[in-house]
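# Structural characterization, general
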Amino acid sequence: MKRLLAILFVLGLALSVSSLGAQSTLVYGTTDKVTDMDPASAYDFHTWEIFQNVSAGLMAYTPGTTNLVPALATGYTVNAKGDEYTFKLRKGVKFSNGTPFNAAVVKWNIDRVAKLNGDPAALVTQYVKSVDVVDDYTVKFVLTGPLSYLPALVATPTYFPMDPSVFPVDKIVKDVGELKGGEIVALGPYRLTSFKRDEEAVFEANPNYWGKEPGIKKIIIRYFADATTMRLALEKGEIDLAFKSMNPSDVNDLMKSSKYNAVKIPGPQIRYLCFETSESVFKDKKLRQAVAALINRPEINQKVYLGQNAPLYSMIPMGMSYHTDDWKTVGDGNIAAAENILKGLGYTKDKPLTFDLWYTPSHYGDPEVNMAEVLKAQLEKTPLVRTTIKSAEWATYKQQWNNKQMPVFFLGWYPDYIDPDDYTSPFAQTEGSKGNGIFFSSKAWDDMFIMEQQTTKDSVRNSTFAKMQKMWTDEAMTVPIYQGNLYIFSKKNVTGVKIGPTLIFNYDQLKLK
Amino acid sequence: MRHLASYILTRILLAIPMVFIMLTIVFVVLRVMPGDPVNAMLGAHAPQRVIDQKKEELGLNKPIMVQYVEYLGKLVRLDLGDSMIFKQKVSQPIIEKLPATIELTLFGLLVSLGIGIPLGAAAARRRRSGGDFGIRLYANVVYCIPVFWMGLLLQLFFGVWLGWFPVSGRTSPRMEASVFSKTGFYIVDTLRIGNLAAFGDVMWHLVLPSITLGVVLSGIFVRLTRANMLDVLKSDYILAARARGIPERRVVYNHGLRNALIPIVTMLGLQFSLLLAGAILTESTFSWPGMGRLLLERIYLRDYPTIQGVIVVYTLVVSAMSLLVDLLYAAIDPRVKY
């Protein structure tokens, strides 16, 4: 017994020693995962978040907003045709290892992304014909055609400069251990000094950072297998901050607690219902309109997400330029309108419209099944519609939409770049629509997309997107349901949490009181 | 000694067809299952050209038999292949995660035996008493409890409400495991560098996951020990020991328990696979970065080579455990000779 007490005493002492100096460090918990530690291959929000903190782009968003401002560039000019952008670079900037930054570095990185042809390479190759070094601090992007949103593209990590002496030119890097020196060498406020996949990532302030010094010297990310454990870890005090993704019930509980700061972020994620428009019964747009009219967005948001998201009435999310609430004209749960259409098409109580409603159980989290059930109930409020709920895991789900096996199905969208084009063309432009299982194709729509993509005139884009959103309620190839809000919970002593609709989480803004 | 060596060799050779059968089952099942790894891997709007290119790159466009033969060919050369999702050798995450699972499973086993054997023996000693009834009830209840639910209860009670133990991970985040991690066995690593604080932290983090895993399986050992002890306690030599006036406690625990242990050791080998299965759920509940969590994540991603690699390693670990148990017989039962 004495021996046991002695061991416990030593362990207790050891643990108390281990907690010393904790205040200079912030521990952040997440259920997200890191993919490839290489901007030429990473194509997911969390890995991009890491690059946004260890590196920087020519342009950047002001923290918490969608305002694009020069970062590694001091400014840019665009030619009259809109297919050549010239960026002036900031002078005296150094990588975390002291290597100087210049135009040749920008060109080397973008050429590398194009050459390696990783998952996000299309963000470069689709738009950029070449990158030319004009002088040490001037770089010119020659584009494949006029493009209005290149400044937004260069703010994505795919365009971020890495030290060419550290990253291999001919190979995608999976883990930091594969890099020369075993560390990402870039231009951000932090250095990633240690990384253990699915366990932790340690960031320390970059002594060579060209911007303002970060508020906290060290940030540790702890990776969780599930949201419940992450919530418990926050309550236990093992982490200072929890972000992505909490269960709705946990969000509700934590919101009620006075122990935590809660930040609600109008996220860039949208959820919507898709129709297979080429072969299924829903090739008739009137049927799509009928189903769309039956959807009751506020009820879904309340019953499934406990009111934590926002009903969405356009495919372009709220807070983004050109957003209009056109779907409000159709209404929510508009049974009379739906029945009117269906009766006109010959559907009756004895011969109702029947179809399978598909969802995927894990990819969008646990509430997905509830969303399917609530929607089924809404659709069946009229005896003229009968649905069967079906589900498939993500890998199967994708295979099925490619094979046109799902007439109606739920999807969600995180943008590749922050522009209304990225919320519309993937669903209504012929090629993008096909890739998402919708198979909508119309020359008139394709022409509208080409126009908005090529023009740099805001007024033209404004009128084009306004027209599109109005027409969307008629074509109804997809129906917006809600815009996801994200929640960050932190201890009371954590301040400076600023995340805007871009979902970029700048660690350097954080402070510990 | 020569017999022992030949026995071990035979057992190792027998493990080869076992691994082969397991692998074949997993290989076939993965490919029969709906869901295409390339679809899971590529972005939502990947064009068909890119999908076809990826399939060719991964060899998924070849006939299944060709894929199977190629896979076996690599395996013979001790190459588990490359992950389809992450551009890395399959062996890399396995080497990283295996120590975490072994540490958890061994401590889970210790908890399981530490609770199961004494309780089973005590129940047998006081057969049909209130204590016996209580212990049997405990054994049945804990065996029925789902591992993840037990884990959540322990996390809430001992982690959040009482605040005694951590609820997640192998170390406190501020301990920065990467600083001391060398072998991946954190207990060994922390002791190797003499970092008592880190050692204490690692042990503290092992408490709740080990108890979760161990308690659920302790029910089996309670019932097994009790049943065997009841048989043994009816034996003539126990009667003789009692007749010689040896104290009851010594009769039960020194004479009875040692003989009752033989079938328990047999079960130990069999239960080890259950422990590994339980570890998959325990790892998820406690965010324990081990093989179980790796397996679950890669199943979602349809990362065939990694799933196969993990199964190969699990099969080898279970085979090794089974061999070890057989060798333990000789130590426990002097009648057993190799």
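The present account deals with the structure reproduced in this document. The written sequence of each chain sets the order in which its residues are numbered from 1. Whichever chain is written first is A, and whichever ligand is written first is 1; the rest continue in order. In keeping with the predicted nature of the model, local features appear solely for residues at pLDDT of at least 70, side-chain atom pairs appear and are counted solely at 80 or more, and the whole-chain, interface and lining totals rest on all residues.

### Notes on the overall build of chain A
The condition is simple: Helix and strand definitions here come from DSSP, where helices need a minimum of 4 consecutive H or I residues and strands a minimum of 2 consecutive E residues; each element is numbered from the N-terminal end. Three exposure classes are used, all based on how many other C-beta atoms lie within 10 Å of a residue's own C-beta (placed from the backbone): buried at 20 or more, exposed at 12 or fewer, and partly exposed between those limits. Placing C-beta atoms from the backbone, we regard two residues as in contact once those atoms come within 7 Å.
Counting secondary structure elements, chain A contains 16 helices and 19 strands. If you line up chain A on its principal axes, its C-alpha atoms span 75 × 75 × 35 Å. Out of the 513 residues in chain A, the part that is buried amounts to 50%. For chain A, the proportion of contacts with a sequence separation of at least 24, taken over those separated by at least 6, is 69%.

### Description of the overall build of chain B
In terms of regular secondary structure, chain B is built from 14 helices and 0 strands. Element order for chain B, N to C, with α for helix and β for strand: α-α-α-α-α-α-α-α-α-α-α-α-α-α. Principal axes of the C-alpha set define a box for chain B whose edges measure 85 × 55 × 40 Å. The proportion of buried residues among the 338 residues of chain B is 39%.

### Examining the pairing of strand β7 (residues 138-143) of chain A
Residue and element names in this part refer to chain A. Quick note on the threshold: Strand pairing is assigned whenever DSSP identifies at least 2 bridges connecting the two strands.
Here β7 shows a buried face lined by V139, F141 and L143 and an unburied face lined by T138, K140 and V142. Judged from the 5 bridges that link them, strand β5 (residues 84-89) and β7 form a sheet pairing that is antiparallel. Bridge pairing in β7 places T86 opposite K140. As paired elements, strand β6 (residues 128-135) and β7 share 6 bridges and run antiparallel to each other.

### With respect to the interface of chain B and chain A
Put simply, the test is: Residues are grouped as follows: nonpolar covers Ala, Val, Leu, Ile, Met, Phe, Trp, Tyr, Cys and Pro; charged covers Asp, Glu, Lys and Arg; every other residue, Gly included, is treated as polar.
Between chain B and chain A, the contact holds 47 residues from the first and 46 residues from the second. Of the residues assigned to the side of chain B that touches chain A, the class counts are 23 nonpolar, 16 polar and 8 charged.

### With respect to the environment of A:D198
Mapped onto the elements of the fold, A:D198 is located in the loop between β8 (190-196) and β9 (200-205). For A:D198, a count of 20 C-beta atoms within 10 Å gives the class buried. Through-space distance from the C-alpha of A:D198 to that of A:R222 is 7.9 Å; in sequence the pair is 24 residues apart. Setting aside residues up to four positions removed in sequence, A:D198 forms contacts with A:Y223, B:P289 and B:R293.

### Describing the sheet that holds strand β4 (residues 73-78) of chain A
The strands that make up a sheet are held in pairs by hydrogen bonds between backbone atoms, and each pair lies either parallel or antiparallel. Residue and element names in this part refer to chain A. Spelled out, the test is: Whenever a helix is involved, its axis is fitted only over the stretch in contact; in every case the axis is a line through C-alpha atoms, and angles between N-to-C directions fall within 0 to 180 degrees.
A sheet is described by the order of its strands in space; here 4 strands give the open sequence β4-β5-β7-β6, paired in antiparallel fashion. Lying at the two open borders of the sheet, with one neighbouring strand each, are β4 and β6. Pairwise comparison of adjacent strand axes, ignoring direction, gives a mean angle of 20° for this sheet. Sitting on the sheet, helix α3 (residues 103-116) touches β5, β6 and β7, and the angle it makes with β6 is about 165°.

### Some details on the nonpolar core
Cut-off, in case you're wondering: Nonpolar core, as used here: buried Ala, Val, Leu, Ile, Met, Phe, Trp, Tyr and Cys residues forming one set through C-beta atoms within 7 Å.
In this structure, A:L72, A:L192 and A:I219 are the most contacted members of the largest nonpolar core, which totals 158 residues. When residues in this core are grouped by element, the largest group, 17 residues, is from helix α10 (residues 196-233) of chain B. The contact partners of A:I219, leaving out residues within four places of it in the chain, are A:L26, A:Y28, A:Y190, A:F203 and A:Y507. A:A290, A:A338, A:F440 and A:M468 belong to the second-largest nonpolar core, a separate cluster that totals 63 residues.

### A look at the packing of helix α15 (residues 443-454) of chain A against helix α16 (residues 458-475) of chain A
Residues and elements named next belong to chain A. This is how the line gets drawn: Orientation labels follow simple angle bins: below 35 degrees gives roughly parallel, above 145 gives roughly antiparallel, 65 to 115 gives roughly perpendicular, and whatever is left gives oblique. Left-handed describes a crossing whose near helix is turned anticlockwise from the far helix by less than a right angle; the clockwise case is right-handed.
Look at α15 against α16: their axes get within 9 Å of each other, and the N-to-C directions meet at 150°. Classified by the angle their axes make, α15 and α16 are roughly antiparallel. Read as a crossing pair, α15 and α16 show a hand that is left-handed. Across from M448, M451 and E452 in α15, the residues of α16 making contact are V460, R461, T464, F465, K467 and M468. Residue composition of the contact of α15 with α16, grouped by class: 5 nonpolar, 1 polar and 3 charged.

### With respect to helix α6 (residues 227-236) of chain A
Across the 10 residues that make up α6(A), a large majority, 9, are buried. Those residues of α6(A) that sit buried are A:A227, A:T228, A:T229, A:M230, A:R231, A:L232, A:A233, A:L234 and A:E235. Contacts from the buried residues of α6(A) go to β1 (25-30), β11 (241-243), α7 (248-256) and β17 (478-491) of chain A together with α7 (147-161) and α12 (248-285) of chain B. Directly after α6(A), the chain includes A:G237, whose backbone phi takes a positive value near 90°.

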